[in-house]
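# What the coordinates show
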Amino acid sequence: MPPVCPVPLTTGPPGRGSPGLRNPLAGLPLPGVSVSPPAAGLRCDFRNLPLKQRLRCSCPHSPAGTHEKGRALSELVAAEDVLLFVNAAVTATGQREFRSSAAAQHFSLRFVHEYVRVNYRPVYAAALALDINHHNAALIVEQLLRTPHEAGGPEAKRAEGRLIAARLALLPPQRVYRLFRTLRAAGVNNRRTRAIVRAWLAARPDPTLDAVKYRPGLKTALRHVHARPADPETGDFLFAPGRRVRYASDTLDAYRRAHYEQAALYELPFTVAEGFAAKHKVPRAVFLERIAPRMTRLEKLRADRTTRAATGAGADLAGMPLTRLALYVLALPFGERVERRAELTGALRAAARRAAGPYAGSWGRVAAVLDDSFSSSGSTVKRRRPLAVALGCHFLLEALAAPGAYTALWTSGGSDPLLVRPTGPTPLGLRILDALETGPDRVVIVSDGWDNAPPGLAGEVLRVWRSRLDPERRTSVVHLNPVYDAQGFDVRRLAPSVPTAGIRDAEDLAALVEIAQFAEGRTGFVELRTYLDRRVELFLKEAGG
């Protein structure tokens, strides 16, 4: 029996159809139901159906796919479904975007997760090995642990367990503890969940630091899986804080003394010491100067403006990740960007060279179309994120291109990447024409895909280029989109003939261009599974699993 759509079906206006996909429900007798083509690759369109009505989805292994042509079509649809999910898992965070609310993002993302988990569970688990964002990685782990009965046999469960353990080791601790709280609230306490939580807690490098920095999360996790603390002293700190007058552990005792002794707070992690500094009314500049040795690189970056004003020396930008650095640069006033041009440009180029790695200078002639239109301002919770991705991609593509063979074309017409700002419409079609005129080996488009000056010109330019002017595909064209389209359940595309991949961090550009080749419609589900299996093998090998 083919699987069913995993969420209640709701009413709503018909959405954008995905070019090049056939409706697998066409011709089925469904009285009183109007079914439009599937939205953005999903093989069932649930938006215009009566409330609570469920509609069966097509399945790649259904009897209809036994015919050679039917199998090829079903495998192509399956590959597009999986790529749709990968794009969502890379870009979507459930937060407000420029053109959609947080509620729409949350509902859309939840549906895509459940749809792929039900129909392609092995691929759903394998996505943990890809460069997806932390929000979706935690959501995948949660869904896998909630539904162990869907995993199949013991071998499949072991494979999922290894992937989950390897991915949890890479997630920030605060996000893992938040995941454990979610599992406890949902009553998920099966044997596999308990084993995974205990193994993760046992692998923590400094249990006393976790006890101080993530105290509520650690207490919740220990109670949920009935585990013992790392040592009796940590156990007393968490569950019986009045039992001991002092602690042998420096970190635990510093936390105790920081309640009444200002000097002790500088022995604590920055996020914990910040609260004590406010309690003791320590001036912010004094606090940041003295706590600096205990701060991480990202904490120093966030506090850079205050530290620079107080001490004249800011954060060391040399080792910062590329996208984080781009966000930092865009938050600076224009005058400060000009004043610090050499420092900021040098730091961005150094970060780009690190991200390029062995591929530096190997991409030949590269032309980039970079979106700095008004929509790249993002939202109140993701301020300037799309523009930061475009800025990071600019410096990374400069490093990947052959020396002197890189052309950058911003939609605003600007030529100074350090002074970009979100403004104006999105004339992608005109900029793509300019890029193709340079005769590049590669064209990389970084945009949210809302071509509006004039609307649709970019898609028409790319269609004519592929069908008439470059049918041999001498020039590679890839579209990277940093914004998830909640209504379409995917990132917005420019043309069916151009592969599109979601991107959240500019550092992932090279890997995403490799994934984008599967979005051209010329490779099927088997090739995609082979690629995912290879990524899983490498991921587990690097994790020591």
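Residues numbered from 1 in each chain as written. Predicted model: local features only at pLDDT ≥ 70, side-chain atom pairs only at ≥ 80, totals over all residues. Heavy atoms only, no water.

At a closest axis distance of 10 Å, the pairing of helix H4 (residues 134-146) and helix H6 (residues 173-185) adopts a crossing angle of 30°. At the point where H4 passes H6, the crossing takes the right-handed sense. Residues His 134, His 135, Ala 138, Val 141, Glu 142 and Leu 145 of H4 form the contact with H6, whose own contacting residues are Arg 175, Leu 179, Thr 182 and Leu 183. The residue inventory of the contact of H4 with H6, partitioned by class, reads 5 nonpolar, 3 polar and 2 charged. (Axes fitted to C-alpha atoms, helices over the stretch in contact; angles between N-to-C directions. Helix = DSSP H or I, 4+ residues; strand = E, 2+ residues; numbered from the N terminus. Left-handed = near helix turned anticlockwise from the far one by under 90°. Contact = heavy atoms within 4.5 Å. Nonpolar A, V, L, I, M, F, W, Y, C, P; charged D, E, K, R; others polar.)

Our next topic: helix H18 (residues 341-356). Counted at 1.5 Å a residue, the expected span for H18 with its 16 residues is 22 Å, and the 22 Å between its end C-alpha atoms agrees. At the C-terminal side of H18, Gly 357 shows a positive phi close to 55°. (Expected span 1.5 Å × (residues − 1).)

Below, the discussion takes up a positive patch on the surface. Taken together, the side chains of Arg 297, Lys 300, Arg 353 and Arg 354 present a region of like positive charge at the surface. Of all the secondary-structure elements, those providing two or more residues to the positive patch are helix H14 (297-302) and H18. Of note, Lys 300 is situated in helix H14. (Patch = residues over 30% accessible without salt bridge, like charges linked within 9 Å, V, L, I, M, F, W, Y side chains within 5 Å. Areas by Shrake-Rupley, 256 points an atom, 1.4 Å probe, with all protein chains shown as cover. Salt bridge = Lys/Arg side-chain N within 4 Å of Asp/Glu carboxyl O. Lys, Arg positive; Asp, Glu negative; His and termini not counted. Charge placed at Lys NZ, Arg CZ, Asp CG, Glu CD.)

Turning our eyes to something else, we now look at the packing of aromatic side chains. One pass over the structure, following the stated rule, counts 13 aromatic pairs. Judged by centre distance (5.3 Å) and plane angle (80°), the rings of Phe 237 and Tyr 255 are edge-to-face. In this pair, Phe 237 sits in helix H10 (residues 232-239) while Tyr 255 sits in helix H11 (residues 250-257), placing the two residues 18 residues apart along the sequence. Accessibility assignment for this pair places Phe 237 and Tyr 255 in one class, buried. Ring geometry for Tyr 266 and Phe 287: centres 6.1 Å apart, planes at 35°, overall tilted. Here Tyr 266 is found in the loop between H11 and helix H12 (270-279), whereas its partner Phe 287 is found in helix H13 (residues 284-291), with 21 residues between them in sequence. Exposure remark for Tyr 266: the relative accessible area of 10% places this residue in the buried category. Following the ring pairs from residue to residue traces out a cluster consisting of Tyr 177, Phe 180, Trp 200 and Tyr 214. Geometry around Phe 237 places Arg 215 over its ring, the cationic atom sitting 4.3 Å from the centre. Above the plane of the ring of Trp 450 lies Arg 492, whose end atom (NZ or CZ) is 3.7 Å from the centre. (Phe/Tyr/Trp six-rings, centres within 6.5 Å; stacked < 30°, edge-to-face > 60°. Buried < 20%, exposed > 50% of the residue type's maximum accessible area, 1.4 Å probe, protein only. Lys NZ or Arg CZ within 6 Å of the ring centre and 35° of its normal.)

Let us look at the nonpolar core. Formed by 136 residues in total, the largest nonpolar core has its most connected members in Val 112, Leu 168, Leu 268, Phe 287, Leu 397 and Leu 509. Of all the elements, helix H19 (residues 385-400) adds the most residues to this core, at 11 residues. With residues up to four places along the chain from it excluded, the contact list for Leu 168 reads Val 141, Val 176, Leu 179, Ile 196 and Trp 200. Core analysis: the second largest hydrophobic core is formed by 17 residues, Ala 367, Leu 436, Trp 465 and Ala 495 among them. (Core = buried A, V, L, I, M, F, W, Y, C linked by side-chain atoms within 4.5 Å.)

The pLDDT averaged across the protein chain works out to 84; a share of 84% of its residues lies at or above 70. Of all the helices and strands in the protein chain, helix H15 (residues 304-311) carries the lowest mean pLDDT, 59, while strand S1 (residues 366-370) carries the highest, 97. A low-confidence stretch, residues 1-41 (pLDDT under 50), is modelled with 103 contacts involving residues beyond four sequence positions or located in other chains. Low pLDDT (under 50) marks residues 43-67, which in the prediction has 88 contacts with non-local residues, meaning those over four places away or in another chain. (pLDDT = per-residue confidence, 0-100.)

A few words on the sheet that holds strand S2 (residues 406-410). Pairing is parallel across the open sheet formed by 5 strands, whose spatial order is S2-S1-S3-S4-S7. In the strand order of this sheet, the two ends are held by S2 and strand S7 (500-502), each with one partner. Adjacent strand axes in the sheet meet at a mean angle of 20° when their direction is disregarded. The sheet contact formed by strand S3 (residues 442-446) and strand S4 (residues 476-481) spans 5 bridges and is parallel. In the sheet register, Val 443 faces S4, and the bridge partner there is Val 477. Sheet contacts for H19: S1, S2 and S3; angle to S2, the most-contacted strand, approximately 165°. Of the strands in this sheet, S1, S2 and S3 touch helix H20 (residues 428-437), which is tilted by about 170° from S1. (Pairing = 2+ DSSP bridges.)

So, about the packing of helix H16 (residues 322-330) against H18. One way to put it is that H16 packs onto H18 with a least axis distance of 9 Å and a crossing angle of 160°. It follows that H16 is roughly antiparallel to H18 by the angle criterion. Judged by the twist between their axes, the crossing of H16 over H18 is left-handed. In this structure, H16 uses Leu 322, Leu 325, Ala 326, Tyr 328 and Val 329 to contact H18, whose residues at the interface are Leu 344, Ala 347, Leu 348, Ala 351 and Ala 352. Of the residues assigned to the contact of H16 with H18, the class counts are 10 nonpolar, no polar and no charged. (Parallel < 35°, antiparallel > 145°, perpendicular 65-115°, else oblique.)

Looking at where Gln 517 falls in the secondary structure, it is placed in the loop between helix H22 (509-516) and helix H23 (525-543). Put simply, Gln 517 and Pro 499 are 18 residues apart on the chain and 6.4 Å apart in space, counted from C-alpha to C-alpha.

Cis geometry marks the peptide bond from Ala 453 to Pro 454, where omega comes out at -5°. You can see Pro 454 is positioned in the loop between S3 and helix H21 (457-469). The phi dihedral of His 226 falls on the positive side, at around 55°, and the residue is not glycine. Note on placement: His 226 falls in the loop between helix H9 (215-225) and H10. One non-glycine residue, Arg 473, adopts positive backbone phi at about 60°. With respect to the helices and strands, Arg 473 occurs in the loop between H21 and S4.

What follows covers helix H7 (residues 191-202). Here H7 contains 12 residues, and its C-alpha end-to-end distance of 16 Å stays within 8% of the 16 Å for a straight helix at 1.5 Å per residue. Those residues of H7 that fall on the buried side of the exposure criterion are Arg 192, Thr 193, Ile 196, Val 197, Trp 200 and Leu 201. For H7, the arc enclosing every buried residue in end-on projection is 160°, short of the 170-degree limit, so these residues lie on one face. Set apart from the buried face of H7 by more than 90 degrees, the exposed residues are Arg 191 and Ala 202. (Arc of directions from axis to C-beta.)

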